[in-house]
Amino acid sequence: MQNKPVLSRMLTLIIGTTVATAAIAHSGATGIVKERMDGFKAAKKSMKVLKSAVRGADFATIAGEAEALNLWFNQLDNYFPQGSNPKPSEALDLIWEEYDRFSSHGQDSANASAALLRAANEGDEDLAREAFSELAASCKACHDDYRD
């Protein structure tokens, strides 16, 4: 495993969730809503980095980003406790009505990011492209169903 890049990426994610300037981008979000919005913002940034890294077969970058995303997706349920949907949240109330289905989308993303990490560790370009496509599709499926 790529410990130094993963630790660096995790530190970046943690800092990204606590930086005060991020509050401006989230129009007054606080608490768990702000934390999850910051987490999704970091995940979006990771996906952009991954897109380029997968195209360039940059396996060190892929491994670091995939591991950080995998940690995020494996903790995702913790960022959606019941009653945590005040504006400016973009989450639909449907999340809590279909929580098991919503949670399975997060698990799909966790599984896809784990597959991407395996592909990076194996240096398999084809598998990395396939896993990245699955990860992007899992993100899109959840956003299509549960994001305003």
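The structure contained in this document is the topic of the report that follows.

Parameters at a glance
Residues numbered from 1 in each chain as written. Predicted model: local features only at pLDDT ≥ 70, side-chain atom pairs only at ≥ 80, totals over all residues. Heavy atoms only, no water. Helix = DSSP H or I, 4+ residues; strand = E, 2+ residues; numbered from the N terminus. Contact = heavy atoms within 4.5 Å. Expected span 1.5 Å × (residues − 1). Buried < 20%, exposed > 50% of the residue type's maximum accessible area, 1.4 Å probe, protein only. Salt bridge = Lys/Arg side-chain N within 4 Å of Asp/Glu carboxyl O. Phe/Tyr/Trp six-rings, centres within 6.5 Å; stacked < 30°, edge-to-face > 60°. 1 Å grid on protein atoms, 1.4 Å probe; cavity = no way out; pocket = protein on both sides within 12 Å on 5 of 7 lines; lining within 4 Å. Points joined across faces, edges and corners; volume = space filled by probe spheres on them. Nonpolar A, V, L, I, M, F, W, Y, C, P; charged D, E, K, R; others polar. Polar contact = N/O pair within 3.5 Å; in protein donor to acceptor, adjacent residues only side chain to side chain.

Once that is clear, we can look at the overall build of the protein chain. Across its full length, the protein chain carries 7 helices and 0 strands. Each helix and strand of the protein chain, ordered N terminal to C terminal, gives the series α-α-α-α-α-α-α. Contacts in the protein chain between residues far apart in sequence, at least 24 positions, make up 67% of those at least 6 positions apart.

The next point concerns helix α4 (residues 59-75). Its 17 residues give α4 an end-to-end C-alpha distance of 24 Å, which sits within 8% of 24 Å, the value for a rise of 1.5 Å per residue. For α4, every residue scored as buried is listed here: Ile62, Ala63, Gly64, Glu65, Ala66, Glu67, Ala68, Leu69, Asn70, Trp72 and Phe73.

Here we come to the pattern of salt bridges. Pairs may arise between side chains of opposite charge once their charged atoms sit close together. Across all of its chains, the model carries 8 salt bridges by this definition. Across the pair lysine 34 and aspartate 38 runs a salt bridge whose closest N-O atoms are separated by 2.6 Å. Taken together, the residues span about one helical turn, with lysine 34 and aspartate 38 both in helix α3 (residues 31-55) at a distance of 4 residues. The class for lysine 34 is buried, based on a relative accessible area of 13%. The residue arginine 147 makes a salt bridge to glutamate 90 at a minimum N-O spacing of 2.7 Å. Taken together, the residues arginine 147 in the segment after α7 (125-146) and glutamate 90 in the loop between α4 and α5 (94-97) connect sequence positions 57 residues apart.

In this section: the packing of aromatic side chains. The way to describe two aromatic rings as a pair is by their centre distance and the angle between their planes. Tallied over the entire structure, the rule returns 7 aromatic pairs. On the basis of an interplanar angle of 40° and a centroid distance of 4.9 Å, the ring pair of tryptophan 72 and tyrosine 79 is categorised as tilted. This pair shows no difference in class: tryptophan 72 is buried, exactly as tyrosine 79 is. Each ring, one from tyrosine 99 and one from phenylalanine 102, has its centre 5.7 Å from the other, and the planes form 50°; the classification is tilted. Of this pair, tyrosine 99 and phenylalanine 102 both sit in helix α6 (residues 99-122), 3 residues apart, roughly one helical turn. Among the aromatic residues, those joined into a cluster by ring pairs are Phe40, Trp72, Tyr79, Phe80, Trp96, Tyr99, Phe102 and Tyr146.

Next up on the list: the layout of surface pockets. Looking at the largest pocket, its volume works out to about 740 Å³. Lining the largest pocket are 30 residues, and of these Phe40, Lys41, Lys44, His143 and Arg147 lie nearest its centre. At the level of secondary structure, the elements contributing two or more residues to the lining of the largest pocket comprise α3, α6 and α7. The element that contributes the greatest number of residues to the lining of the largest pocket is α3, accounting for 9 residues. Classifying every residue of the lining of the largest pocket by side-chain character gives 17 nonpolar, 6 polar and 7 charged.

In this fold, asparagine 70 is placed in helix α4. A distance of 3.0 Å separates polar atoms of two side chains, one belonging to asparagine 70 and the other to serine 113. With residues near it in sequence (within four places) discarded, asparagine 70 still touches Ala110, Ser113 and Ala114.

This brings us to unusual backbone geometry. With an omega dihedral of 20°, the bond running from lysine 87 to proline 88 counts as a cis peptide bond. Tracing the sequence through the fold places proline 88 in the loop between α4 and α5. Positive phi outside glycine occurs at alanine 57, with the angle close to 55°. Within the secondary structure layout, alanine 57 lies in the loop between α3 and α4.

It is worth stressing that arrangement in space is one thing and function is another; only the former is reported here.
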